[in-house]
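The lines below spell out each chain.
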There are 2 protein chains.
Amino acid sequence: MITSIPDLKEQIDNYLAKFLPQDIDQDTLRNSMEYSVMAGGKRLRPALTLATVELLGGTINEDILRVATALELLHTYSLIHDDLPAMDNDALRRGKPTNHCKFGAGMATLAGDGLLTLAFQWVTDNNLSADIRSRLAFELAKAAGPAGMVAGQARDIEGEHQRLSLEQLRYLHRQKTGALIQYAVLAGGIIMDQPAKVQQELAAFGANYGLAFQIYDDLMDVLGTTEQMGKAVHKDAAEQKNTYPGLLGVDGAKKQLHNALIAATQSQRQLEKLTSKSFAGYDEFLAYFK
Amino acid sequence: MITSIPDLKEQIDNYLAKFLPQDIDQDTLRNSMEYSVMAGGKRLRPALTLATVELLGGTINEDILRVATALELLHTYSLIHDDLPAMDNDALRRGKPTNHCKFGAGMATLAGDGLLTLAFQWVTDNNLSADIRSRLAFELAKAAGPAGMVAGQARDIEGEHQRLSLEQLRYLHRQKTGALIQYAVLAGGIIMDQPAKVQQELAAFGANYGLAFQIYDDLMDVLGTTEQMGKAVHKDAAEQKNTYPGLLGVDGAKKQLHNALIAATQSQRQLEKLTSKSFAGYDEFLAYFK
């Protein structure tokens, strides 16, 4: 029996509300970190980890929730730092003032630093085996660090006002968004101690899912409204950001989205072959882009 | 045979120069991270880890160097973020322009984020046992995160322009500087798989050493020159920072420094009892404050 995404989200929200405050030993810092983590969001990344655990035959418990929600801490840090005046200088996130607008840029920087560090605490502070804990911390660091997400963000800053090729744009997005979503799926396989071939295919599914996610996000910035998105839209074009619609037009971007989803579906079929289990549960995640 | 601090520093510098660039996949980010890590510094934290390993009978190898130098990555991140315009707004560090003065505040934020994350990659990406790797990542996160260093920094921001009690100041410093130095010593005990009692005493030595270090740093801000220190001095008083000399006067602060060193020496003797080994090698570290 596979838990639905809304029910996964509820478990994730409850875990965060209960355990996040316990590990923060300063009041304003706690308020600032909680403010952004509890501001909502789809909880897509931890949900992908939890769904993958279930699809592989596992049962969600508090240890697994701790590892999965660590990913939401890390994702939230990246949003807080991304929104800073020195970076994208955004005032609105999830329909609310951004962290630095509410707590100041100094405290927002610390809130991000705290969330990033706490993510590593949570993946190593649980009752999973030492092998699994160490591997999770390593893969998370590789995905989020200067070979992954942070490199993508640096590339993004550097790439502004200069036109990237499709290849360069895809590489940027693979680092900036893809790496962490890929880790989210892979983490489920690590928790369930899967063979290398299965872990590779989970990573492939995650990579293509992450690519689809970024193209969709780019498209929504063009096609969506601030009300729908809870953040400013049409900002990418105004800031001369490199995006799929900017490079390929809306129809070209939609075609790339379609291709990424086909590739993800192929990994889904491959996972079913490798494990003799159904991965139909991923359909609910793929439907997000419909 | 115990390696001297200058020789430890050389090994640390060589390791960082060789391995840091390999894990960074974007040119400006690499330049920015290398700029601050290779700007020098005493390498006190990794040297404490390496010295502790040797005092416990271990031999320094590349795996242990990787774990020890991870601490320097993390320490450097904290300096870069601390210097940011949104935080202390410092222009000079180790006699050179601070990271954000050279690369801009956005890239400096990312360089710090990258160094923090890479520290966790290095402590989990080596040939030590999975138990040791996982424990190192957990203790590092606890020391550096929102229950340790980041909480201390938040307390520091919040405490400006308000007078703290000695108790509050000691607590702030235990988090802000003490936690990471305590981890540096403890890490040597974790690497050498020591019994809990030895690890506790190592942590106690580290905590008192860290306290001494902070009081000495406060005193140097009053007594030192910019040339000696490689950074602006007399800033604490100008910014109404809470410091030991500010609270207790120079003589009162010197007495607190003396007390912290006595407590550290007591731990040193206790470690000799517990392990039947000489910890005279710590004398070179304690001499730093003479």
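Residues numbered from 1 in each chain as written. Chains lettered and ligands numbered in written order. Predicted model: local features only at pLDDT ≥ 70, side-chain atom pairs only at ≥ 80, totals over all residues. Heavy atoms only, no water.

Chain A appears in an unreviewed UniProt entry as Farnesyl diphosphate synthase from Limosilactobacillus albertensis. UniProt's Cofactor (unreviewed entry) comment on chain A is quoted here verbatim: "Mg(2+)". If you open the UniProt record of chain A and go to Catalytic activity (unreviewed entry), you find "isopentenyl diphosphate + (2E)-geranyl diphosphate = (2E,6E)-farnesyl diphosphate + diphosphate". (UniProt positions renumbered as here; feature names shortened; annotations may be inferred.)

Peer 1: Would you explain helix 4 (residues 62-83) of chain A in this entry?
Peer 2: One turn of an α-helix holds 3.6 residues; hence residues three or four places apart share an orientation. All names here are of chain A. In this model helix 4 runs 31 Å from its N-terminal to its C-terminal C-alpha over 22 residues, within 8% of the 32 Å that 1.5 Å per residue would give. Across the 22 residues of helix 4, 21 count as buried, placing the element largely inside the fold. Between a side-chain oxygen at the N-terminus of helix 4 and the backbone nitrogen of Asp-63 the separation is 3.1 Å; the capping residue is Asn-61. (Helix = DSSP H or I, 4+ residues; strand = E, 2+ residues; numbered from the N terminus. Expected span 1.5 Å × (residues − 1). Buried < 20%, exposed > 50% of the residue type's maximum accessible area, 1.4 Å probe, protein only. Polar contact = N/O pair within 3.5 Å; in protein donor to acceptor, adjacent residues only side chain to side chain.)

Peer 1: Explanation requested: a negative patch on the surface in the structure shown.
Peer 2: Side chains of Asp-131 and Asp-193 of chain A together with Asp-131 and Asp-193 of chain B sit close together on the surface and give a patch of like negative charge. Accessibility expressed as a relative area gives 52% for Asp-131 of chain A, which makes it exposed. (Patch = residues over 30% accessible without salt bridge, like charges linked within 9 Å, V, L, I, M, F, W, Y side chains within 5 Å. Areas by Shrake-Rupley, 256 points an atom, 1.4 Å probe, with all protein chains shown as cover. Salt bridge = Lys/Arg side-chain N within 4 Å of Asp/Glu carboxyl O. Lys, Arg positive; Asp, Glu negative; His and termini not counted. Charge placed at Lys NZ, Arg CZ, Asp CG, Glu CD.)

Peer 1: How should the side chain of Gln-214 of chain A be read in this particular structure?
Peer 2: Residues and elements named next belong to chain A. The topology assignment puts Gln-214 in helix 10 (residues 196-223). Look at Gln-214 and you get buried, because its relative accessible area is 9%. Within the structure, the side chain of Gln-214 is placed 2.3 Å from the side chain of Thr-177, a separation counted as a polar contact. If we ignore the near neighbours within four places in the chain, the residues touching Gln-214 are His-173 and Thr-177. (Contact = heavy atoms within 4.5 Å.)

Peer 1: Help me out: how do you make sense of the packing of helix 10 of chain A against helix 13 (residues 244-275) of chain A in this one?
Peer 2: A pair of packed helices is captured by two measures, namely the crossing angle of their axes and the spacing between those axes. Residue and element names in this part refer to chain A. Closest axis-to-axis distance for the helix 10/helix 13 pair is 8 Å, and the angle between their directions is 155 degrees. Taken together, the axes of helix 10 and helix 13 lie roughly antiparallel to each other. Both helix 10 and helix 13 take part in a crossing whose hand is left-handed. Of the residues contributing to the contact of helix 10 with helix 13, the split by class is 23 nonpolar, 6 polar and 4 charged. (Axes fitted to C-alpha atoms, helices over the stretch in contact; angles between N-to-C directions. Parallel < 35°, antiparallel > 145°, perpendicular 65-115°, else oblique. Left-handed = near helix turned anticlockwise from the far one by under 90°. Nonpolar A, V, L, I, M, F, W, Y, C, P; charged D, E, K, R; others polar.)

Peer 1: Would you mind going over unusual backbone geometry with me for this structure?
Peer 2: Negative phi values dominate among residues other than glycine, just as trans dominates among peptide bonds. In this structure, Asn-89 of chain A is a non-glycine residue whose phi angle is positive, near 55 degrees. Within the secondary structure layout, Asn-89 of chain A lies in the loop between helix 4 and strand 1 (92-93).

Peer 1: Please clarify how the pattern of salt bridges should be interpreted in this entry.
Peer 2: Side chains that carry opposite charge are capable of pairing whenever their charged atoms lie near each other. Scanning the model with the defined rule gives 24 salt bridges over all chains in all. Note that Arg-30 of chain A is salt-bridged to Asp-27 of chain A, the shortest N-O span being 3.0 Å. Highlighted residues: Arg-30 of chain A and Asp-27 of chain A, both in helix 2 (residues 27-37), separated by 3 residues, approximately one helical turn. With its nearest N and O atoms 3.6 Å apart, the salt bridge here joins Arg-66 of chain B to Asp-23 of chain B. Placement of Arg-66 of chain B in helix 4 (residues 62-83) and of Asp-23 of chain B in the loop between helix 1 (5-19) and helix 2 (27-37) is noted, with a sequence separation of 43 residues between them. By the burial criterion, Arg-66 of chain B is buried, and Asp-23 of chain B matches it. One connected set of salt bridges, linked through shared partners, spans Lys-9, Asp-13, Arg-43 and Glu-72 of chain A.

Peer 1: When you look at the interface of chain B and chain A in this model, what are you seeing that I'm missing?
Peer 2: A common way to express how large an interface is: the accessible area buried when the components associate. At the interface, 47 residues of chain B touch 47 residues of chain A. Between chain B and chain A, a total of about 3800 Å² is buried, with carbon and sulfur atoms accounting for 67% of that surface. Contact with chain A buries surface across chain B, with Asp-25, Thr-117 and Pro-146 of chain B losing the most and accounting together for 16% of the total. Between Arg-155 of chain A and Asp-25 of chain B there is a salt bridge whose closest N-O contact spans 3.6 Å. Every element with two or more residues in the side of chain B that touches chain A is listed here: helix 2, helix 4, helix 6 (105-124), helix 7 (130-144), helix 8 (149-159) and helix 9 (166-191) of chain B. Tallying contributions element by element places helix 6 of chain B first for the side of chain B that touches chain A, with 13 residues. (Buried area = accessible area lost by both parts, 1.4 Å probe.)

Peer 1: Looking at this structure, I do not really get the packing of helix 2 of chain A against helix 6 (residues 105-124) of chain A. What am I missing?
Peer 2: All names here are of chain A. Where helix 2 meets helix 6, the closest approach of the two axes is 9 Å, and the angle between their N-to-C directions is 75 degrees. By the criterion of interaxial angle, the relationship of helix 2 to helix 6 is roughly perpendicular. Each of Thr-28, Leu-29, Ser-32, Met-33 and Val-37 in helix 2 lies in contact with helix 6, whose residues at this interface are Met-107, Leu-110, Ala-111, Gly-114, Leu-115 and Leu-118. For the contact of helix 2 with helix 6, the residue count by class is 8 nonpolar, 3 polar and no charged.

Peer 1: Where do I start with the relation of the copies chain B and chain A in this structure?
Peer 2: Both copies of the chain are tied together by a single rotation about an axis and a shift running along it. Taken as rigid bodies, chain B and chain A are interconverted by a rotation of 180 degrees and an axial shift of 0.0 Å, the fit giving an RMSD of 0.0 Å. Those values place the two copies in the arrangement expected of a two-fold rotation axis. Looking at the rotation axis and the C-alpha trace of chain B, the residue lying nearest is Ser-134 of chain B, at 2.3 Å. Residue by residue, 100% of the interface of chain B is reproduced at the interface of chain A, so both copies engage with the same surface. (Least-squares fit on C-alpha atoms with pLDDT ≥ 70 in both.)

Peer 1: Before we go on, may I ask you to explain the nonpolar core in this structure?
Peer 2: Most often, soluble globular proteins have nonpolar side chains that are buried together. In terms of nonpolar packing, the biggest core is built from 178 residues, with Leu-74, Leu-136 and Phe-285 of chain A together with Leu-74, Leu-136 and Phe-285 of chain B touching the most fellow members. Residues contacting Phe-285 of chain A, with those up to four places away along its chain left out, are Ile-5, Leu-8, Leu-44, Ala-47, Leu-48, Ala-51 and Tyr-209 of chain A. (Core = buried A, V, L, I, M, F, W, Y, C linked by side-chain atoms within 4.5 Å.)

Peer 1: Explain the packing of aromatic side chains to me, please; I cannot follow it from the model alone.
Peer 2: The description of two aromatic rings rests on the distance between their centres and on the angle between their planes. In the structure shown here, the tally under the stated rule is 25 aromatic pairs over all chains. Taking the centre distance of 5.1 Å and the plane angle of 80 degrees together, the rings of Tyr-288 of chain A and Phe-289 of chain A count as edge-to-face. Taking the relative accessible area as the measure of exposure, Tyr-288 of chain A reaches 27% and is therefore partly exposed. A ring pair is formed by Phe-205 of chain B and Tyr-209 of chain B, whose centres lie 6.0 Å apart and whose planes are at 25 degrees; its orientation type is stacked. Of this pair, Phe-205 of chain B and Tyr-209 of chain B both sit in helix 10 (residues 196-223), separated by 4 residues, roughly a single helical turn. (Phe/Tyr/Trp six-rings, centres within 6.5 Å; stacked < 30°, edge-to-face > 60°.)

Peer 1: What is the right way to look at the environment of Ala-187 of chain A in this model?
Peer 2: Residues and elements named next belong to chain A. Within the secondary structure, Ala-187 is located in helix 9 (residues 166-191). On the accessibility criterion, Ala-187 (1% relative accessible area) is buried. The sequence separation of Ala-187 and Gln-266 amounts to 79 residues, and the corresponding C-alpha distance is 20 Å. Beyond its immediate sequence surroundings of up to four residues, Ala-187 is in contact with Thr-49 and Leu-136.

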